[in-house]
Amino acid sequence: MSMRKTGHVVFGCAVALILGGGCGSSTAGVQKDAGADTAPQLDAAQQNDAGPQTDGPACGAFKSLAGCALELKTCTAADVDNSEECGGDLDCVKTELFDQPVCLRKCGCTAECPAETFCYPAKVSDYASTTSYSQWVGKALGHCFWSFCGQAAYASSTLKNGELLGACKLGGEAFIRQGKVDTRDGTCWPIASDWPFGQCFAGGAAPRGGACTFDADTCTDPTTVTGCAPGNICVGRAGEAMGSCAKVCDPSTASFDPSAPGACAGDTNVTHDQYCQDSSTYFRLAPDADGGVGALGELTPAYAGFCTDLHGCDILAAANQCAAVVGDGGVPWNTCEPTTNVDPYGLCSPSGAVAPGGDCDGTNLCGVGYTCIYVNGATQGTCQAYCGLAANGPSDGGVGKHPCPADQFCEQIFTATDPTPETDPNDDPLSLTWGVCVPLPAQTDGGVDANP
């Protein structure tokens, strides 16, 4: 039985590389100009030219023109200059970081690029080695593209550029020679924690708790964007122009407890304690593109979070960590809802009175410890209990991890709509460490329960 959980996820940040969207000011767009553009010529003369890139006020300024909807989006006809598919002015470029090429604007310097990107130099000699730039950016030389980070502690890395959830520089990759590009301060948001590897999101000077630009896109002049100081990201609500700078936090640290302030304790900028909202994600690397739906690749988590006023919790904690939490107007927020499909961590939420097995929806809320599970897009769900998946629980069989009753089992569930149902399991948004209790299936094998 396919299930979909509607969770209490309120964060507004998504990694552009993985999801095709962005955090705050990283939404893509298309630039148009008056004349034909010239593709970078990577010939022998350029390879021998060691002169610095002209990167500053004299190189040109950012242009916001009509049709800013396709930049950094995927396209199909690779290596096409002034591609009609990309709005007639952008190039369709194979970057080596996507299965499909993407629409990119040409540039001579970073000042011409949107806030979340920088200008990759067009000269081959501006890179540390041919292998380095071809591995990371493919044919994106001379175009505005994302910046990557997270391997500062690795001596042999061609990337370096800060550590995950720390400060980084847009354009600070080690495979680009120093002084060949203007850099921008940013924060390294994880894409894959195990490698480690992340995207450097543009920052600014706004401190933790300060106002920041949330709705900027690639049509927005980056000089008008108010960014957050390194170590913070801009969070807010969809459709609102401004957000708030939130300190980043790591839910994968040893002995992490979402119900304790920890790294989110108050400081000189935010004087009250906050809690780490776990926003971890994951994706799978397919080992064989022709392997069919059974070819599941390595599971690659990205552990990340940010500090919020809402009280954190663990849905599998031995005791209810939301029991004493009270929201505005004295309303009890005494049940826990996960904010990620990677960990069982989440935020305290209001509960209702619907009993286990009862019908529920946005108005008729489940009782404490239960969640509303919708089947196949139905408008009403059923209240079911959270549980810890056996493979991720303690060796004693799940004590303290909300084991299911004897006549039920813990089922892994979808935590969002599957973008490719029944065709590609690599992007299935499944829960990893937690599920919900469902009745055991009918006995069909001579008395042995068929427990998937």
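Keep in mind that what you see is a predicted model, and the values were worked out from it rather than measured.

1. A short note on the sheet that holds strand β6 (residues 148-149)
No. 1: Taken in spatial order, the 4 strands make up an open sheet running β6-β9-β8-β7, and their pairing is antiparallel. Of all strands in the sheet, those with a lone pairing partner are β6 and β7 (167-170), marking the two edges.

2. Examining the state of the cysteines
No. 1: Applying the stated criterion across every chain, the model contains 17 disulfides.
No. 2: Each disulfide pairs two cysteine sulfurs, and for Cys 86 the partner residue is Cys 103, the sulfurs being separated by 2.1 Å. Looking down the S-S bond of the Cys 86 and Cys 103 bridge, the torsion is -75 degrees, so its handedness is left-handed. Of the two residues, Cys 86 is situated in the loop between α2 (44-47) and β2 (91-93) and Cys 103 in strand β3 (residues 102-104); the sequence distance between them amounts to 17 residues.
No. 3: By relative accessible area, which is 0% here, Cys 86 ends up buried.
No. 4: Covalently, Cys 322 is tied to Cys 348 through a disulfide, its sulfur atoms 2.1 Å apart. A torsion of -85 degrees about the S-S bond marks the disulfide between Cys 322 and Cys 348 as left-handed.

3. Some remarks on the environment of Pro 207
No. 1: Mapped onto the secondary structure, Pro 207 falls in the loop between β9 (197-202) and β10 (211-213).
No. 2: Residue classification places Pro 207 among the partly exposed positions, given a relative accessible area of 35%.
No. 3: Spatially, the C-alpha atom of Pro 207 lies 9.9 Å from that of Thr 268, the residues being 61 residues apart in sequence.
No. 4: Residues within four places of Pro 207 in sequence aside, it is in contact with Cys 245 and Asn 269.

4. Quick notes on the nonpolar core
No. 1: In terms of nonpolar packing, the biggest core is built from 25 residues, with Tyr 120, Val 137, Phe 145, Phe 148 and Phe 175 touching the most fellow members.
No. 2: Among the elements of the structure, β3, α3 (130-136) and β8 (184-192) are those that each provide at least two residues to this core.
No. 3: Counting residues in hydrophobic clusters, the runner-up holds 14 residues, among them Leu 316, Val 325, Trp 434 and Val 438.

5. With respect to the confidence of the model for the chain
No. 1: Of the residues in the chain, 79% have a pLDDT of 70 or more, and the chain-wide mean is 79.
No. 2: In this model, residues 391-400 is a region of pLDDT below 50 whose contacts with residues beyond four sequence positions or in other chains number 8 contacts.
No. 3: Overall, residues 443-452 carries pLDDT values under 50, and its contacts beyond four positions in sequence, including any with other chains, amount to 10 contacts.

6. Quick word on the environment of Val 375
No. 1: One can find Val 375 in the loop between β21 (370-374) and β22 (381-388).
No. 2: On the basis of relative accessible area, Val 375 is assigned to the partly exposed category, the value being 31%.
No. 3: Counting along the chain gives 39 residues from Val 375 to Phe 414, while the straight-line C-alpha distance between them is 10.0 Å.

7. Observations regarding the sheet that holds strand β18 (residues 335-338)
No. 1: Spatial ordering of the open sheet is given by β17-β19-β18, a layout of 3 strands whose pairing is antiparallel. Edge positions in the open sheet fall to β17 (312-314) and β18, since each of these has one partner strand only. Within this sheet the neighbouring strands show an average axis-to-axis angle of 50 degrees, counted without direction.
No. 2: One ladder, built from 3 bridges, connects β17 with strand β19 (residues 345-349); its direction is antiparallel. Within β19, the position partnered with Cys 313 by the bridge is Gly 346.

8. Quick look at the packing of aromatic side chains
No. 1: Summed over the entire model, instances satisfying the criterion amount to 12 aromatic pairs.
No. 2: Here the aromatic rings of Phe 148 and Phe 197 are separated by 5.5 Å at their centres, their planes lie at 35 degrees, and the arrangement is tilted. Pair noted here: Phe 148 is in strand β6 and Phe 197 is in strand β9, with a separation of 49 residues, a long-range link. Neither residue differs from the other here; Phe 148 and Phe 197 are each classed as buried.

9. Here we look at the side chain of Thr 300
No. 1: Examined against the element boundaries, Thr 300 turns out to sit in strand β15 (residues 298-302).
No. 2: What makes Thr 300 buried here is its relative accessible area of 0%.
No. 3: With sequence-adjacent residues up to four places away left out, Thr 300 is seen in contact with Ala 192, Trp 195, Thr 281, Tyr 282, Phe 283 and Leu 285.

10. Some points on the environment of Asp 278
No. 1: Its place among the elements puts Asp 278 in strand β13 (residues 275-278).
No. 2: Using a relative accessible area of 1% as the deciding quantity, one classes Asp 278 as buried.
No. 3: Measuring from C-alpha to C-alpha, the distance between Asp 278 and Gly 346 comes to 6.4 Å, with 68 residues separating the pair along the chain.
No. 4: Dropping the residues within four chain positions of it, Asp 278 is found in contact with Pro 251, Ala 304, Gly 305, Thr 339, Thr 340, Asp 343 and Tyr 345.

11. Focus: the pairing of β18
No. 1: Burial of β18 is two-sided: the residues Thr 335 and Glu 337 facing one way and the residues Cys 336 and Pro 338 facing the other way are all buried.
No. 2: The sheet contact formed by β18 and β19 spans 4 bridges and is antiparallel. Residue pairing in the sheet places Thr 335 in a bridge with Ser 349 of β19.

12. Thoughts on the pattern of salt bridges
No. 1: Scanning all chains against the criterion turns up 6 salt bridges.
No. 2: In this structure, the salt-bridge partner of Lys 139 is Asp 79, at a minimum N-O distance of 3.2 Å. One end of the pair, Lys 139, is in the loop between α3 and β5 (144-145); the other, Asp 79, is in the loop between α2 and β2, and 60 residues separate them in sequence.
No. 3: A relative accessible area of 41% places Asp 79 in the partly exposed class.

Cut-offs used in this document
Residues numbered from 1 in each chain as written. Predicted model: local features only at pLDDT ≥ 70, side-chain atom pairs only at ≥ 80, totals over all residues. Heavy atoms only, no water. Pairing = 2+ DSSP bridges. Helix = DSSP H or I, 4+ residues; strand = E, 2+ residues; numbered from the N terminus. Disulfide = S-S within 2.5 Å. Buried < 20%, exposed > 50% of the residue type's maximum accessible area, 1.4 Å probe, protein only. Contact = heavy atoms within 4.5 Å. Core = buried A, V, L, I, M, F, W, Y, C linked by side-chain atoms within 4.5 Å. pLDDT = per-residue confidence, 0-100. Axes fitted to C-alpha atoms, helices over the stretch in contact; angles between N-to-C directions. Phe/Tyr/Trp six-rings, centres within 6.5 Å; stacked < 30°, edge-to-face > 60°. Salt bridge = Lys/Arg side-chain N within 4 Å of Asp/Glu carboxyl O.

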